[in-house]
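Single-letter residue listing:
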Amino acid sequence: MSGSGESLHIDVPVELDEVKVVFSVASLTFEGDMPAVLFHAGIVVSDAADWKVKPDVVVVFHTNAGHVTLDDQTYNANRHVATGNPYKAVIEGLIAQGAQIELCGATARAMGWGNAELIPGIKINRNAMARLTQLVQQGFVKITEA
């Protein structure tokens, strides 16, 4: 089924005056070859721009999804490939648009990764559970991507 979208009518328009969203990403689900969370975070950032609202979007990678945050060399070693991190450009674009991308400190410790082995701009938090709790208590809507 394909179409031009000309027949699409939005029945429930949404416009927010505040965008506070945290994505919890323990494992990857894909939209084609793209981790769905990167696609979804992009939608949220784009919507916020349309509404002329500063996006407060945080994506916390942890557990089996932590490798998404790695620089090319570390990604290659971790994933046993020579392609580099295929998600790097999308992550850099999200960061440039104001999203904050974080790696769980517990995941980083368990895998032996340091700050220098991440895509520039990614932050390491104490651990995903503490960070998610903190952000929810600050009024962020938590979206779980699994």
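None of the values given here were measured: they were computed from a predicted structure.

1. Describing the overall build of the protein chain
Piece 1. When its secondary structure is counted, the protein chain shows five helices and seven strands.
Piece 2. When the elements of the protein chain are put in sequence order from the N terminus, they spell out β-β-β-α-β-α-α-β-α-β-α-β.
Piece 3. Taken along its principal axes, the extent of the C-alpha atoms in the protein chain is 50 × 40 × 25 Å.
Piece 4. When each of the 146 residues of the protein chain is scored for burial, the buried share is 39%.
Piece 5. Across the protein chain, every contact between residues at least 6 apart in sequence was considered, and the portion connecting residues at least 24 apart equals 66%.
Piece 6. For the protein chain, the exposed area adds up to about 8,400 Å²; of that, 52% sits on carbon and sulfur atoms.
Piece 7. Side-chain charges of the protein chain comprise 10 positive and 16 negative groups, with the mean position of each set lying 12 Å from the other.

2. Here's the deal with helix α5 (residues 128-137)
Piece 1. All buried positions along α5 are accounted for by A128, R131, L132 and L135. Around the axis of α5, the buried residues are gathered within 95° of arc, so they sit on the same side. Exposed side chains of α5 directed beyond 90 degrees from the buried face belong to M129 and Q137.
Piece 2. On the buried face of α5, the contacting elements are β1 (19-25), β4 (55-61), β5 (100-104), β6 (123-125) and β7 (141-145).
Piece 3. Between the side-chain oxygen at the start of α5 and the backbone nitrogen of M129 there is a gap of 3.1 Å, and the oxygen is on N127.
Piece 4. G139 sits one or two positions beyond α5 and adopts a positive phi of about 95°.

3. Digging into the packing of helix α1 (residues 36-50) against helix α3 (residues 88-96)
Piece 1. In contact at an axis separation of 11 Å, α1 and α3 are set at 25° when each is read in the N-to-C sense. Judged on the interaxial angle alone, α3 and α1 are roughly parallel. Relative to α3, the crossing made by α1 is left-handed. Of α3, the residues touching α1 (which contributes L38, A41, G42 and V45) are V90, I91 and L94.
Piece 2. Each residue belonging to the contact of α1 with α3 can be placed in one class, and the counts come to six nonpolar, one polar and no charged.

4. A few points about the nonpolar core
Piece 1. Counting residues in each nonpolar core, the largest one holds 30 residues, and the members touching the most others are V19, F23, V57, V59, F61, I91 and I101.
Piece 2. Mapped onto this core, the elements with two or more residues apiece are β1, α1, β4, α3 and β5.
Piece 3. Examining the composition of this core, we find that six residues originate from one element, α1, more than from any other.
Piece 4. If we skip the residues at most four places from it in the chain, V59 touches F23, V25, V37, A41, Q100, I101 and E102.
Piece 5. Counting residues in each nonpolar core, the second largest holds eight residues, with V58, L132, L135 and F140 among its members.

5. Points about the side chain of H62
Piece 1. Inspection of the secondary structure puts H62 in the loop between β4 and α2 (72-79).
Piece 2. Residue class for H62 comes out buried when judged on its relative accessible area of 5%.
Piece 3. When sequence neighbours within four positions are dropped, the list of residues in contact with H62 reads S24, V25, A26, C104, T107, A128, M129 and L132.

6. A closer look at a nonpolar patch on the surface
Piece 1. Together, V12, V14 and L16 give the surface a local cluster of nonpolar side chains, amounting to about 280 Å² of exposed area.
Piece 2. Its location among the elements puts V14 in the segment before β1.

What counts as what
Residues numbered from 1 in each chain as written. Predicted model: local features only at pLDDT ≥ 70, side-chain atom pairs only at ≥ 80, totals over all residues. Heavy atoms only, no water. Helix = DSSP H or I, 4+ residues; strand = E, 2+ residues; numbered from the N terminus. Buried < 20%, exposed > 50% of the residue type's maximum accessible area, 1.4 Å probe, protein only. Contact = heavy atoms within 4.5 Å. Areas by Shrake-Rupley, 256 points an atom, 1.4 Å probe, with all protein chains shown as cover. Lys, Arg positive; Asp, Glu negative; His and termini not counted. Charge placed at Lys NZ, Arg CZ, Asp CG, Glu CD. Arc of directions from axis to C-beta. Polar contact = N/O pair within 3.5 Å; in protein donor to acceptor, adjacent residues only side chain to side chain. Axes fitted to C-alpha atoms, helices over the stretch in contact; angles between N-to-C directions. Parallel < 35°, antiparallel > 145°, perpendicular 65-115°, else oblique. Left-handed = near helix turned anticlockwise from the far one by under 90°. Nonpolar A, V, L, I, M, F, W, Y, C, P; charged D, E, K, R; others polar. Core = buried A, V, L, I, M, F, W, Y, C linked by side-chain atoms within 4.5 Å. Patch = residues over 30% accessible without salt bridge, like charges linked within 9 Å, V, L, I, M, F, W, Y side chains within 5 Å. Salt bridge = Lys/Arg side-chain N within 4 Å of Asp/Glu carboxyl O.

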